[in-house]
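Here is how the chains run, residue by residue.
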Amino acid sequence: MLEHQRKFLLTMADSMPERLYRDRATPQQRDFAQQIHHAANAAAYIASTTMNGPRLALPDTATAFKTRAGLRAFVNAAYDYAGALLRDQTVASRAQTVDLFGQSMPRWQVWDEIHAHTVWTAGQVVANFRENGMAPPAFTFF
């Protein structure tokens, strides 16, 4: 699912013209680039904190907000990091209980929570596409 999430966020980044990266569908929400960035960053951050990963170092946020190449680099770095943690996780580690924002759960469930957050967060930019008369990329399950 991590690879699916990466592909979906990259497709969104590729489908939105760069000139609209800083547009907001409503004043209260993050702009398009911030929302894609947030989805990718959360995947890496949550994985880092709950899987005891090494120090998280991701590309420059300012560049990610301005350019397609920057946003793509950020998404890829976040998912490379999370993917490495998942690949290195042992069966015993997956069964251990961790704290995710005050909720105790087994580490394997954290990956499901990351997926749910990514889908929720990415879905919010559909309004950005619609506001500009564009269809969003087709949603795929796998």
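All of the points below concern the structure found in this document. (Residues numbered from 1 in each chain as written. Predicted model: local features only at pLDDT ≥ 70, side-chain atom pairs only at ≥ 80, totals over all residues. Heavy atoms only, no water.)

1. Here's the deal with the pattern of salt bridges
Two side chains with opposite charge may pair up if their charged atoms get near one another.
Alright, step 1. Counted under the stated rule, the structure contains five salt bridges.
Alright, step 2. For D31, the salt bridge is made with R22, and the minimal N-O distance between the two is 2.6 Å.
Alright, step 3. Using a relative accessible area of 2% as the deciding quantity, one classes D31 as buried.
Alright, step 4. Connected through salt bridges with shared partners, the residues E3, R6 and D80 form a single ionic network. (Salt bridge = Lys/Arg side-chain N within 4 Å of Asp/Glu carboxyl O. Buried < 20%, exposed > 50% of the residue type's maximum accessible area, 1.4 Å probe, protein only.)

2. Observations regarding the packing of helix α2 (residues 32-50) against helix α6 (residues 107-123)
Alright, step 1. It is the contact of α2 with α6, at a shortest axis distance of 9 Å, that shows an interaxial angle of 170°. When the axes of α2 and α6 are compared, the pair comes out roughly antiparallel. Between α2 and α6, the contacting residues are Q35, H38, A39, A42, A43, I46, A47 and T50 on the first element and R107, V110, W111, I114, H117, T118 and T121 on the second.
Alright, step 2. Grouping the amino acids of the contact of α2 with α6 by side-chain chemistry returns eight nonpolar, six polar and one charged. (Axes fitted to C-alpha atoms, helices over the stretch in contact; angles between N-to-C directions. Helix = DSSP H or I, 4+ residues; strand = E, 2+ residues; numbered from the N terminus. Parallel < 35°, antiparallel > 145°, perpendicular 65-115°, else oblique. Contact = heavy atoms within 4.5 Å. Nonpolar A, V, L, I, M, F, W, Y, C, P; charged D, E, K, R; others polar.)

3. Structural notes on the packing of aromatic side chains
Alright, step 1. Tallied over the full model, the rule gives three aromatic pairs.
Alright, step 2. Aromatic pair Y21 and F32: ring centres 5.4 Å apart, planes at 40°, arrangement tilted. Placement of the pair is Y21 in the loop between α1 (2-15) and α2 and F32 in helix α2, with a sequence separation of 11 residues. The two residues Y21 and F32 agree in class, both being buried.
Alright, step 3. Between F32 and F129 the ring centres are 5.8 Å apart and the planes differ by 90°, which places this aromatic pair in the edge-to-face class. With a gap of 97 residues between them, F32 in helix α2 and F129 in helix α7 (residues 126-131) connect regions that are remote in the sequence.
Alright, step 4. According to the relative accessible area criterion, F32 is buried, its value standing at 0%.
Alright, step 5. For F129, a relative accessible area of 0% gives the class buried. (Phe/Tyr/Trp six-rings, centres within 6.5 Å; stacked < 30°, edge-to-face > 60°.)

4. Here we look at α1
Alright, step 1. Taking 1.5 Å as the rise per residue, α1 with 14 residues should run 20 Å; its terminal C-alpha atoms sit 20 Å apart, in good agreement.
Alright, step 2. Every buried residue belonging to α1 is among L2, H4, Q5, R6, F8, L9, L10, M12 and A13, and all of these are buried. (Expected span 1.5 Å × (residues − 1).)

5. Describing the pairing of strand β2 (residues 103-106)
Alright, step 1. Relative to β2, strand β1 (residues 97-100) runs antiparallel, the two sharing four bridges. The residue bridging D99 from the neighbouring strand is S104, located in β2.
Alright, step 2. If you look at the hairpin formed by β1 and β2, you'll find two residues sitting between the two strands, and F101 has a positive phi there, around 50°. (Pairing = 2+ DSSP bridges.)

6. Some remarks on the nonpolar core
Alright, step 1. Residues L9, F32, I36, Y79, W111 and I114 are the most contacted members of the largest nonpolar core, which totals 39 residues.
Alright, step 2. Breaking this core down by element, the ones donating at least two residues are α1, α2, α3 (61-66), α4 (68-88), β1 and α6.
Alright, step 3. The greatest single-element share of this core, amounting to 10 residues, is contributed by α2.
Alright, step 4. Setting aside its immediate chain neighbours within four residues, L9 contacts I36, A39, A40, V75, Y79, T118 and A122. (Core = buried A, V, L, I, M, F, W, Y, C linked by side-chain atoms within 4.5 Å.)

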